[in-house]
Amino acid sequence: MEKDCVIVGIDWGDEGKGRMVDLITSDYDVVVRYQGGGNAGHTVINAYGKFALHLLPSGIFRKGVVNVLGNGVALDPENLLAEIETVRAKGIEVTPENLKISDRASILFPWHRKQDELEEARLKDKKFGSTKQGIAPFYSDKYQKKTVMFGELFREEKAKAHIKDILEWKNLLFTGMYGAEPYPSEEIDLWLETYAKKLLPFVCDTGAFLKAAKKDGKRILFEAQLGALRDLDFGIYPYTTSSTTLAAYAPIGAGLPSLHPERVIGVVKAYSTCVGEGPFVCEWFGEDADKLREAGGEYGAKTGRPRRVGPLDLVATRYGVEEQGATEIALTKLDVLSYMDKIPVVTAYEAEGNVTKAFPFPSMLDEARPVTEYVKGWKMDISKARKWSDLPKEARDYVLYVEREIGCFIKYVSVGPERESVVIRTEKDR
Ligand code: GDP
């Protein structure tokens, strides 16, 4: 029987986690999102079509799988309802049976998005590249206890009084600090009716649900957003997200703090990409970058922004594997490198006259320069490979080289976006 498992990103996000969750949900009964919000996206391609999921767990496409949005997520009712409508339009059922929202998930209000916009405008060219989905203001408010748990909405009068107090405080910030218009308090009732209350049928004590599921022997998959280098504490602060992207947080953000999942699948892309601002040591520019971006279709799932690209960064990836405590790796998009004569890999950084393989402290990163080496390319279409032996020797050698360097078994090698485009390695392929 499969063990409880967390799927996480090892680098900057967009590694192909959604695709991996979609693949392995067949082995699991429950899929839980435990952090983050609608600020990033998972792209999933399957028999129903192509989807960019932001909040919905990627298990939504499998019949019989229960999907949970845990207490750790930034619950944006507007985004979530729109997403539910999108998948329903393609014939997928979304009901309180297969989607459950934690009553302890805090609500992302419209003023969080407004605050994000005001702050980005204030920062001008010093901005961090926010997706303006209100995530940073939301998490700040959650930790200063100035937002509302979804379950509060079941007691309407109490909830409205709580929201009114919060809005009064928030409007002091809008008018006093930013010199902006206040959020009109008369609009909040309509907003609650139009969005938040429509989700109430899905809201329940998901902690109790997960405990009962464990007792019944159900297998749980935890799905993360973004990657280790975007983690608030251990990432490239302040160019991080505002939540914990690490596997260690999964049981807490999911609502089952006593569980210790034994399996952690770290998803690594065969090259590097990064969205938004911040240090990205392995970055390529010019023609080489354009070619790689085109080959990999590297445009943001949420924003459509061209992603910054570069070769696989072993310094960052080794660090990510350690922080995530990965027990196995899924290497994605290997097929994208097929056009290259030789495959570039960043093996070390040069900083302050030293060559290092250790990932530097965040404020040192802008001084680091990549040391790039090359391994032999394979120069053929590998997208039809389904067994280890179907891959050309050079591609297998590249996978084994990466595996040695990062010190973790590469169990999955993804060679295309479709569900079945993957080589699953067994013990004898090692
Ligand atoms: P996530 O947020 O980690 O799920 O990643 P994204 O959805 O932003 O990016 C992954 C993109 O790569 C999606 O468009 C996937 O369909 C696509 N993808 C995933 N695995 C592969 C692969 O092995 N080969 C190719 N060519 N595309 C892939």
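Look above for the structure.
Here the structure is a predicted model, which is why all the values come from computation and not from measurement.

Q: Before we go on, may I ask you to explain the pattern of salt bridges in this structure?
A: As a working rule, side chains carrying opposite charge can pair if their charged atoms are close by. Tallied over the full model, the rule gives 30 salt bridges. Between K160 and D189 there is a salt bridge, with the nearest N and O atoms lying 3.9 Å from each other. Taken together, the positions of K160 in helix α5 (residues 156-177) and D189 in helix α6 (residues 187-194) put the pair 29 residues apart, joining distant regions of the chain. Of the residues examined, D189 reaches a relative accessible area of 38% and is grouped as partly exposed. Salt-bridge contacts for E427 lead to R430; the nearest nitrogen and oxygen are separated by 3.4 Å. The pair E427 / R430 is uniform in exposure class, with both members exposed.

Q: Even after reading the chapter, I still don't get the nonpolar core, so can you show me in this structure?
A: The nonpolar side chains of a soluble globular protein tend to be buried with one another. Membership of the largest hydrophobic core comes to 41 residues, with the highest contact counts inside it found for L75, L80, W111, F150, L153 and L199. Broken down by secondary-structure element, the contributors of at least two residues to this core are β4 (49-53), α2 (77-89), β7 (99-102), α5 and α6. When residues of this core are assigned to domains, at least three map to each of domain 1 (5-105 + 202-265) and domain 2 (110-199). Residues within four places of F150 in sequence aside, it is in contact with L75, P77, S102, D103, A105, I107, A196, L199, L200 and V203.

Q: Help me understand the site of the ligand, please; the structure alone is not making it clear to me.
A: Around the ligand there are 18 residues in total, and K17, G41, T43, D335 and S414 lie nearest to it. At 2.8 Å, a backbone N or O of G16 approaches an oxygen atom of the ligand. Interatomic distance of 2.7 Å between a side-chain N/O atom of D335 and a nitrogen atom of the ligand. Protein contacts shield 91% of the accessible area of the ligand, which totals 590 Å² for the unbound molecule. Secondary structure elements with two or more residues in the shell around the ligand: α1 (17-24) and β3 (42-46). Its residues assigned to classes, the shell around the ligand shows four nonpolar, seven polar and seven charged.

Q: Can you walk me through the sheet that holds strand β1 (residues 5-9) in this structure?
A: Within a sheet, each strand pairs with its neighbour through backbone hydrogen bonds, oriented either parallel or antiparallel. With respect to topology, 10 strands assemble into an open sheet ordered β9-β7-β5-β2-β10-β1-β11-β14-β18-β19, the strand pairing being mixed. Two strands in the sheet have a free side with no partner beyond their single neighbour: β9 (203-204) and β19 (422-424).

Q: What am I meant to see in the side chain of E283 here?
A: Structurally, E283 can be placed in the loop between β12 (271-274) and α9 (286-296). The exposure class assigned to E283 is buried, which follows from its relative accessible area of 18%. Excluding residues that lie within four positions of it along the chain, E283 makes contacts with R308 and V309.

Q: Where do I start with helix α7 (residues 206-215) in this structure?
A: Helical geometry note: an α-helix holds 3.6 residues per turn, so side chains three or four residues apart project in the same direction. Along α7, the residues classified as buried are T206, G207, L210 and A213. Along the axis of α7, the buried positions cluster into a sector of 125°, meaning they face one direction only. What points out from α7, more than 90 degrees from its buried face, is the exposed set K211 and K215. Contacts from the buried residues of α7 go to β2 (30-33), β5 (66-69), β7, β9, β10 (220-227) and α8 (250-254).

Cut-offs and rules
- Residues numbered from 1 in each chain as written.
- Predicted model: local features only at pLDDT ≥ 70, side-chain atom pairs only at ≥ 80, totals over all residues.
- Heavy atoms only, no water.
- Salt bridge = Lys/Arg side-chain N within 4 Å of Asp/Glu carboxyl O.
- Helix = DSSP H or I, 4+ residues; strand = E, 2+ residues; numbered from the N terminus.
- Buried < 20%, exposed > 50% of the residue type's maximum accessible area, 1.4 Å probe, protein only.
- Core = buried A, V, L, I, M, F, W, Y, C linked by side-chain atoms within 4.5 Å.
- Domains from an automatic or database assignment.
- Contact = heavy atoms within 4.5 Å.
- Near = heavy atom within 4 Å.
- Polar contact = N/O pair within 3.5 Å; in protein donor to acceptor, adjacent residues only side chain to side chain.
- Areas by Shrake-Rupley, 256 points an atom, 1.4 Å probe, with all protein chains shown as cover.
- Nonpolar A, V, L, I, M, F, W, Y, C, P; charged D, E, K, R; others polar.
- Pairing = 2+ DSSP bridges.
- Arc of directions from axis to C-beta.

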